[in-house]
Amino acid sequence: ETNKLYCTSVKCCIFELKAELNSDKKEKKKEAVKKVIASMTVGKDVSALFPDVVNCMQTDNLELKKLVYLYLMNYAKSQPDMAIMAVNTFVKDCEDPNPLIRALAVRTMGCIRVDKITEYLCEPLRKCLKDEDPYVRKTAAVCVAKLHDINAQLVEDQGFLDTLKDLISDSNPMVVANAVAALSEISESHPNCNLLDLNPQSINKLLTALNECTEWGQIFILDCLANYTPRDDRESQSICERVTPRLSHANSAVVLSAVKVLMKFMEMLPKDLDYYGTLLKKLAPPLVTLLSAEPELQYVALRNINLIVQKRPEILKHEMKVFFVKYNDPIYVKLEKLDIMIRLASQANIAQVLAELKEYATEVDVDFVRKAVRAIGRCAIKVEQSAERCVSTLLDLIQTKVNYVVQEAIVVIKDIFRKYPNKYESVIATLCENLDSLDEPEARAAMIWIVGEYAERIDNADELLESFLEGFHDESTQVSETHTHTHLQHVLHKHTQNTPDSDNPDLRDRGYIYWRLLSTDPVAAKEVVLAEKPLISEETDLIEPTLLEELICHIGSLASVYHKPPNAFVEGSRGVQHKRLPARTASGESAESPDAGQSVGGVSDAPPAVIPSQGDLLGDLLNLDLAPPSASVPVVPASMQMGVDLLGGGLDSLVGLHRPSGSQYIAVGLAGGTGGMPAGLGGTPAMGGGLGDLFDLGGGVGMATGSYVPPKAVWLPAMKAKGLEISGTFARRGGGIHMDLSLTNNAMSIMTDFAIQFNRNSFGLAPAGPLQVLTPLAQNQTIDVSLPLNTNGPIMKMEPLNNLQVAVKNNIDVFYFSCQYPISLLFVEDGKMDRQVFLATWKDIPSENETQYQIKDFHLNSDAASTKLQGSNVFTVAKRTVDAQDLLYQSIKLTNGIWALAELRIQSITPNYMLALKCRAPEVSQYICQCYELLLRN
Amino acid sequence: MIGGLFIYNHKGEVLISRVYRDDIGRNAVDAFRVNVIHARQQVRSPVTNIARTSFFHVKRSNIWLAAVTKQNVNAAMVFEFLYKMCDVMTAYFGKISEENIKNNFVLIYELLDEILDFGYPQNSETGALKTFITQQGIKSQHQTKEEQSQITSQVTGQIGWRREGIKYRRNELFLDVLESVNLLMSPQGQVLSAHVSGRVVMKSYLSGMPECKFGMNDKIVIDKQGKAGASDEAGKSSGKQSIAIDDCTFHQCVRLSKFDSERSISFIPPDGEYELMRYRTTKDIILPFRVIPLVREVGRTKLEVKVVIKSNFKPSLLAQKIEVRIPTPLNTSGVQVICMKGKAKYKASENAIVWKIKRMAGMKESQISAEIELLPTNDKKKWARPPISMNFEVPFAPSGLKVRYLKVFESKLNYSDHDVIKWVRYIGRSGIYETRC
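Note that the structure is predicted; figures quoted are calculated from it, not measured.

Moving on: the overall build of chain B. When you go through chain B residue by residue, the secondary structure sums to 9 helices and 23 strands. Among the 437 residues that make up chain B, the fraction classed as buried is 55%. Look at the contacts in chain B between residues 6 or more apart in sequence, and 71% of them connect residues 24 or more apart.

What follows is the structure in structure tokens.
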């Protein structure tokens, strides 16, 4: 019968409805309103019926009333004047003896987003906040948040925030929960004023309410608790003790929010405390239980477990089995489980894991199978003892001859070869049998790499390669990206030059192969060259530690599902605040002591496991007491977070390689949207609104101002641009990037209508706003403009890397020029790495990624050098003096999240500085080295 | 918080659309339809981000429920809410189908208004909701003032799941221990993983506001009592029968802090049927069946399969609804089956041989053998050999869980624990019970 409602509603005309709405018969009226709502649902515009529907509002039929309210909420905004007609009824209903009606009225009124109405709302709302009935009060509490969303000022002026704060002490737990939810939301848009005013007394109230309110209320309270920073470890422990019972709640969200609170507050507990161990043990079972929930929740849980496992691997290290994939798991659960399995793989369980992975490699879903094969490779690299078994498993898989399995296996075998050189070359023969079936660039590249690398050990390497190349003669004509070419030539040059005078047959062979390759197939050659990028560390996809810490603070939320900070996907001011794990503070110390505040998060307690090997210079860093030259580094969240965000997509596209990875998977999802997202922005979801604010924020902190600015250079001579001369430079100020331009008019006429545009470039530099030349440029006049830039633009690798192609338009013509920026422009303010992280990262980056560079004839002591470099965001993590030479350990972070670690060796005997630079993306190393020289000399 | 909630049919036509937040526009409704429901690819994630808007979805038969937001919401809460929403709808009008949704759309809007305020979930216990949201919808006008305040105090109260003044002539309760036993076994008979996930479902028909206390053979409790108890022997004998529970979760009526400190399960139950607790065990599980597969490839066009099942429980007990599902390759052209017991059939549409046995006593064994003819293919990809799966139902709890007591106290009314009629039933079912071959 209602089915008819839906159908007819599409056809039935407004006119008929109007008549029915004005009918005298109650039933008919009600049916008509139902039809209107049905039409509204299917997206038909029934706003024309506004007055007629509002007329039905004065009724004692609650069902009808609710329907009318529903209509009002939808259309009031489009008919503000008529919406006023409804006000009286609302005000009257707020006085109704029936609490259900009072609540209904105040609930609905808050949803009517018309300015004029909000004024009338204030008085009823004030009454309802103090209503005798808790049902009305809990509804009114939420209404304050609604009103704040419409008119924040009004809420403050009317003193509703104070009333709301009072409700935290309400006798009814549900009122408390809703008040907490409302206040939490409001305080998100007021990051500075301490609205919630969390203190031990109010925390106690919340913890009491926690035991009594609904499951949803418990979530609000726990999420709010997570924002509190206990004064000391004792308070932290007592809160943990009262939160742990929640781990047995049937509602997974309650459990995850409790886990969040515990993970956060645990940071403050001393590790030798018995309770600390107890707590760790208590966390595992509920996390495992989450895996028996419905698949969607399992997915959320797994994404979170992925974070927890990275932060505290000890919690789940014995639970490998529960992450075994079930045949009928949805694909998104399977992929996540696989990820966690790899993270948990260790020598103790590797046999089991491998057996499972082999099983998965025969499944149906191509993505899953590929990931499983890759996982086998990862195991080999992670657990050295298992490498041999992994290789033989991979060989078994190659025997299946399933095309994509073979290709994936070859890619990972290449990685294994690189990690363990000259160990498994006996398998090369088997690999070579599969040359014909390789049709994916990555697999081809891997195979060519292998053949090239072991050319001297393969009797018929030439032959093999030739036959291999023949296969794709046809498909490889359309390649002409010049930078690839030059890059290649550079590499080839080296080899071919070596070849004639080298009597090392190995080198000659390799050069020969490269040469053949280039002349036959530039695509494959490109892949080969790029595949030289060393990326073999144990866990290539670990989340960067600062981001991980922030995500731990967001357990259970969307951020933890996307593995991105909220500002990467939330617009506006909400979620911009960065959350951090609390630092450990013993109850003896005062929480306010600046020392305690400085040690950031959980990394402050040094893992005792890191025992430096003898003679390892870096190892001694741990024992150093010397503070780095400048104590605190202001945090510029924007650039930092954006960097992290880009790390997945950005880095890969920079290098031109395409590897499917977890984070990219989501990035693609984001980019896939058609609604409102400019296509060019695909893959870099963090941008827009929040950004400007963030830079302002950075500016307010008072940046180090000593950043190096190269002198202005003429970029566009007047001759080439019909009289317009452009000179300029780049500067980093207040955490933002600026292009400082001088425009000179050497022409005979006035110039107007300036605009600027950048070509795609290596780091996505793009103007953050229009070129502000407000007045026309008269003859012989020069104007200085500063153009703020961001790094959200499209990315394309340039040659040289720091090249920027610019187009400037004025009323006369469009002109093009290119310029180069010092890479130090991209060094971000939060580039200071924690010592432990530095140490681990340095060890982790393979030595083939190290670049040596000498800065000659330079006299400056290490402190001066350190200060100078710090001005341009090169941060000294630690300093050491050994045998009359100073060693500075420094970290740099680029806007796209690439880290570079440096060791600067300053000898007092010779005037030369030695720089050793390690970076996972070695492409940037040479530029950074040059920058060092530039920065030091200026 | 949740910005909007949409319900679609399988074609992507919107049946219910309720927007709670100003940042969600009508275009969100279409974005989800285009990018998820009509997406060419299989859904790769239950959370989708389209143009900075996040969509959470669950599917019930062919109905899509989607929650939309632009904020960093608690993702677990959103899914829990969507499930709850399904429960509430089912409790009101039965199966979630297009027809039922269309027929009850006014009711659904009314519910959505009540259980979600500005995107914040509110009390969504069906027991409480049914006191003032009815399918007739007009109840509240005829209520007395006491009734009204009773409703509001229940909706907001500490015991939001039970109303006062419930009366039964016969106080009765039913406890069902429902377990699903999960197994993954290697072809060689090695247990790769096994666990029981169990639920204790209670149907209570009790008057007043009864205090209940539930006890089971939980190892931690028994050990504690064993230590405290005078007789060592008693402690030992009961200790043998106790089970180690890895983890358990409870209905919100259970006092969690009391469980945490004393490990006692005390609560005031909702009226009628509800799930008291869930638990998981991994130790000393009784695996009711063992499946022994033997697959032999005879040339490229023939497979020989032999599967033996052995029942592993007391001979006096009977397993029911036994079904063994043996997957067959996609290029199967014909199958010949011989089984000792029950009926076996090759189902081409499901690519499996399905072998059904109505009943089977403990400590028995049965066998099926099949010859599978294959069409020659030039498909290089080898057959993936999905695992052999099994379904069954047994009248005991594979975890070994035993209910020791369920005590009822109602001090205000004059009935005692002895007057309550109590029923306990154990059912063990197969969860994912797979043996690789």
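Continuing now.
What follows deals with the pattern of salt bridges. Residues and elements named next belong to chain A. The full count for this structure, using the stated rule, is 70 salt bridges over all chains. The partner of aspartate 830 in a salt bridge is lysine 893, and the shortest N-O contact between them spans 3.4 Å. Here lysine 893 lies in strand E11 (residues 885-893) and aspartate 830 lies in the loop between strand E8 (814-820) and helix H37 (835-844), a separation of 63 residues in the sequence. Neither aspartate 830 nor lysine 893 differs from the other in exposure class; each is buried. Linked by salt bridges that have partners in common, Glu267, Lys311, Arg312, Glu314 and Glu549 make up one network.

As a further point, take the pairing of strand E16 (residues 318-327) of chain B. Bridge analysis of E16(B) against strand E19 (residues 352-361) of chain B gives 9 bridges, and the strand direction is antiparallel. Counted as the bridge partner of Arg325(B) is Val354(B) from E19(B).

What follows concerns the sheet that holds strand E15 (residues 302-311) of chain B. Where strands meet in a sheet, backbone hydrogen bonds hold them as pairs that are either parallel or antiparallel. Residues and elements named next belong to chain B. Pairing is antiparallel across the open sheet formed by 4 strands, whose spatial order is E14-E15-E20-E17. Pairing within the sheet leaves two strands with one partner each, and these edge strands are strand E14 (289-298) and strand E17 (332-339). The average angle at which neighbouring strand axes cross in this sheet is 15 degrees, direction not considered. Two strands pair when backbone bridges link them, and E15 and strand E20 (residues 365-374) are joined in this way by 9 bridges, in the antiparallel orientation. Looking at E20, one finds that isoleucine 309 is bridged to serine 366.

Quick look at a positive patch on the surface now. Residue and element names in this part refer to chain B. Among the surface-exposed residues, Lys343, Lys345, Lys356, Lys358 and Arg359 lie close enough to one another that they form a single positively charged patch. It is E19 that contributes the most residues to the positive patch, 3 residues altogether. Relative to the helices and strands, lysine 343 is located in strand E18 (residues 343-347).

Note on placement: Glu296(A) falls in helix H19 (residues 295-311). Arg60(B) provides the closest opposite charge to the buried, unpaired Glu296(A), separated from it by 5.4 Å. Residue contacts for Glu296(A): discarding those within four places in its chain leaves Tyr332(A), Pro46(B), His57(B), Val58(B), Lys59(B), Phe79(B) and Tyr83(B).

Residues and elements named next belong to chain A. Overall, antiparallel pairing links the 5 strands, which are arranged E9-E13-E12-E11-E10 in an open sheet. The open sheet has two edge strands with one neighbour each: strand E9 (850-855) and strand E10 (875-882). Adjacent strand axes in the sheet meet at a mean angle of 20 degrees, parallel and antiparallel pairs treated alike. With 7 bridges connecting them, E10 and E11 associate as antiparallel partners. Pairing of alanine 878 across the sheet is with tyrosine 889, part of E11. Sheet contacts for H37: E9, E10, E11, strand E12 (899-907) and strand E13 (913-919); angle to E12, the most-contacted strand, approximately 95 degrees. Contacts from helix H39 (residues 925-937) reach E9, E11, E12 and E13 within the one sheet, and its direction differs from that of E9 by about 25 degrees.

Moving on, we come to unusual backbone geometry. The residue after Glu799(A), namely Pro800(A), is reached through a cis peptide bond having omega -5 degrees. In this structure, Pro800(A) sits in the loop between strand E6 (782-790) and strand E7 (803-809). Despite not being glycine, Asp753(A) has its phi angle at roughly 55 degrees, a positive value. Looking at the element boundaries, Asp753(A) is found in the loop between strand E3 (736-745) and strand E4 (755-758). In this structure, Asp284(B) is a non-glycine residue whose phi angle is positive, near 50 degrees. Mapped onto the elements, Asp284(B) comes out in the loop between strand E13 (272-281) and E14.

Conventions we followed
- Residues numbered from 1 in each chain as written.
- Chains lettered and ligands numbered in written order.
- Predicted model: local features only at pLDDT ≥ 70, side-chain atom pairs only at ≥ 80, totals over all residues.
- Heavy atoms only, no water.
- Helix = DSSP H or I, 4+ residues; strand = E, 2+ residues; numbered from the N terminus.
- Buried < 20%, exposed > 50% of the residue type's maximum accessible area, 1.4 Å probe, protein only.
- Contact = heavy atoms within 4.5 Å.
- Salt bridge = Lys/Arg side-chain N within 4 Å of Asp/Glu carboxyl O.
- Pairing = 2+ DSSP bridges.
- Axes fitted to C-alpha atoms, helices over the stretch in contact; angles between N-to-C directions.
- Patch = residues over 30% accessible without salt bridge, like charges linked within 9 Å, V, L, I, M, F, W, Y side chains within 5 Å.
- Areas by Shrake-Rupley, 256 points an atom, 1.4 Å probe, with all protein chains shown as cover.
- Lys, Arg positive; Asp, Glu negative; His and termini not counted.
- Charge placed at Lys NZ, Arg CZ, Asp CG, Glu CD.

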